Amino acid sequence: MLLKVTPEGNKNMAVSREPEMTQFFQEIDGYNSADGSLRITFHAFGNKQKEKSITIPLTPDTSKLESYEVTMHGSPAPAFKMPQSYNDWFTSCFGYEVFLVYLGSNTRAVLFQDMQPLEPDPLTRFLRDKVPFTRNYVDSLMGLTQSEQWRISFADCAPYLIVSQTSLEDVSSRLPDGEDMDVTKFRPNIVIKGAFEAYQEDYWGKLKINNDVEITMAHNCVRCKSINIDYETGKPGEGPRGEVLKRLQKDRRIDIGAKWSPVFGRYSFWDMRRGPEVIRVGDRVNVKKVNDGLTVWSKF
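Residues numbered from 1 in each chain as written. Predicted model: local features only at pLDDT ≥ 70, side-chain atom pairs only at ≥ 80, totals over all residues. Heavy atoms only, no water.

With respect to the packing of aromatic side chains
What describes a pair of aromatic rings is the distance from one ring centre to the other and the angle between the planes of the rings.
So, step 1. For the structure on display, the rule yields 14 aromatic pairs.
So, step 2. Measuring from centroid to centroid gives 5.1 Å for F112 and W297, while their planes differ by 90°, and the two rings are edge-to-face. With F112 in the loop between strand 9 (108-109) and helix 2 (122-130) and W297 in the segment after strand 18 (285-290), this pair connects stretches of sequence that are 185 residues apart.
So, step 3. The cationic tip of K4 hangs over the ring face of Y96; the distance from NZ or CZ to the ring centre is 4.4 Å. (Phe/Tyr/Trp six-rings, centres within 6.5 Å; stacked < 30°, edge-to-face > 60°. Helix = DSSP H or I, 4+ residues; strand = E, 2+ residues; numbered from the N terminus. Lys NZ or Arg CZ within 6 Å of the ring centre and 35° of its normal.)

Okay, structure coming up:
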């Protein structure tokens, strides 16, 4: 994660405030291996002479790194300042002082009000503690809220952001003929194809992938001006490409908890009781739960 050094203090960086962040492209080599690395290329706004790259270890040795606490949406997490050579490289690209921090195995708490741990009622607690083999059945039958704190990394509000291809096509239809909305500007982890209507996912509560992996779709993703950025120039887009947020505001302000922001996509969470799983492009997805109404953005 990058932070910007300002007279008012160090500030978390985001594309909506620092659109020049769109000029950095990443490639991972050796994921989950001890010598894995992250190669970052600065595209320098199309100036090939100034384009340059740097390689950073995916799992750096933290024993000699300075500790630094990062807070996102009121949720703190301990992290580590990376060596000065990396900070100097990013600073030379941005033209102002920044520094890079590494989270490591640390996490931060999810602070959505409606996702906080709750103790089960006495009967359920008895079944859970005294008759362990019934636990999964009881959880499913009674729709229990998790009893442990949801944890995430440096992800914004959730580890996954899911959008549908049908909804993306609706956004493209709001642009002049021949223009397609670039899905990367919405920054999804998963794009689902096959929804019959645009924005059906507004009501999705749970998905099942390959009839096995279950994902909880907990909250709407409310959008900011980052979707207006031109990724080639690193500046606010011109013409219709710079008006995507405005065009969505006409009818996509559907969440009464964030009434000024349009919704596109759903913040989602993996079942924290499961071990590692692998999902792939082309996997089958089924909607396991449809909510009775729209979810409401709950403040942190």
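The structure having been displayed, the exposition proceeds.
Things to note about helix 1 (residues 84-94)
Three- or four-residue spacings in an α-helix give side chains the same orientation, since the helix completes a turn every 3.6 residues.
So, step 1. Residues Y86, N87, W89, F90, C93 and F94 constitute the buried set of helix 1. Burial along helix 1 is one-sided: seen end-on, the buried residues are contained in an arc of 160°.
So, step 2. Next to the buried residues of helix 1 lie strand 1 (2-6), strand 3 (24-29), strand 4 (37-42), strand 5 (52-57) and strand 8 (98-102). (Buried < 20%, exposed > 50% of the residue type's maximum accessible area, 1.4 Å probe, protein only. Arc of directions from axis to C-beta. Contact = heavy atoms within 4.5 Å.)

Brief notes about helix 4 (residues 165-173)
So, step 1. Of all the residues in helix 4, the buried ones are T166, S167, L168, V171 and S172.
So, step 2. Packed against the buried residues of helix 4 are strand 11 (160-164), helix 5 (244-249) and strand 17 (263-270).

Quick word on the side chain of E20
So, step 1. Topologically, E20 is positioned in the loop between strand 2 (9-12) and strand 3.
So, step 2. Of the buried charged residues, E20 lacks a salt bridge, with K4 as the closest side chain of opposite charge at 5.4 Å.
So, step 3. Only 2.5 Å separates the side chain of E20 from the side chain of Y96, close enough to count as a polar contact.
So, step 4. Leave out the neighbours within four places in its chain, and E20 touches F45, F94, Y96 and G234. (Lys, Arg positive; Asp, Glu negative; His and termini not counted. Salt bridge = Lys/Arg side-chain N within 4 Å of Asp/Glu carboxyl O. Polar contact = N/O pair within 3.5 Å; in protein donor to acceptor, adjacent residues only side chain to side chain.)

Concerning the environment of D156
So, step 1. Along the chain, the position of D156 falls in the loop between strand 10 (151-152) and strand 11.
So, step 2. Put simply, D156 and V296 are 140 residues apart on the chain and 18 Å apart in space, counted from C-alpha to C-alpha.
So, step 3. Excluding residues that lie within four positions of it along the chain, D156 makes contacts with M72, H73, R108 and Y267.
So, step 4. Within the local environment of D156, its side chain forms a polar contact with the side chain of H73, the two groups lying 2.5 Å apart.

Examining the side chain of T295
So, step 1. You can see T295 is positioned in the segment after strand 18.
So, step 2. There is a polar contact of 2.7 Å between the side chain of T295 and the side chain of R266.
So, step 3. With near-sequence residues (within four places) excluded, T295 lies in contact with A218, H219, N220, D255 and R266.

A short note on the nonpolar core
So, step 1. Ranked by internal contacts, the top residues of the largest apolar core, which has 20 residues, are F24, I56, W89, F90 and F94.
So, step 2. At the level of secondary structure, the elements contributing two or more residues to this core comprise strand 4, strand 5, helix 1 and strand 8.
So, step 3. Beyond its immediate chain neighbours, meaning those up to four positions away, F90 contacts L2, F24, I40, I56, V98 and L100.
So, step 4. Judged by nonpolar contacts, the second largest core, of 14 residues, contains V110, M115, I152 and C157. (Core = buried A, V, L, I, M, F, W, Y, C linked by side-chain atoms within 4.5 Å.)

Some details on the sheet that holds strand 4
So, step 1. Ordered by their spatial adjacency, three strands build an open sheet running 3-4-5, and the pairing between neighbours is antiparallel. The sheet terminates laterally at strand 3 and strand 5, the two strands that pair on one side only. Between one strand axis and the next, the sheet turns by 20° as a mean value, whatever way the strands run.
So, step 2. As judged from the six bridges shared by strand 3 and strand 4, these two strands associate in the antiparallel manner. Bridged to E27 within strand 4 is R39.
So, step 3. Set on the sheet, helix 1 makes contact with strand 3, strand 4 and strand 5; between it and strand 5 the angle comes to about 150°. (Pairing = 2+ DSSP bridges. Axes fitted to C-alpha atoms, helices over the stretch in contact; angles between N-to-C directions.)

Remarks on the pattern of salt bridges
So, step 1. The final tally for this structure, using the stated rule, is eight salt bridges.
So, step 2. Of the charged contacts, one joins K48 and E51 as a salt bridge, the two residues approaching to 3.7 Å between their closest N and O atoms.
So, step 3. The exposure class of K48 is exposed, given its relative accessible area of 68%.
So, step 4. Its salt-bridge partner being K206, residue E214 comes within 3.7 Å of it at the nearest N-O pair.
So, step 5. E214 gets classed as buried once you look at its relative accessible area, which sits at 15%.
So, step 6. Since its relative accessible area comes to 22%, K206 is described here as partly exposed.

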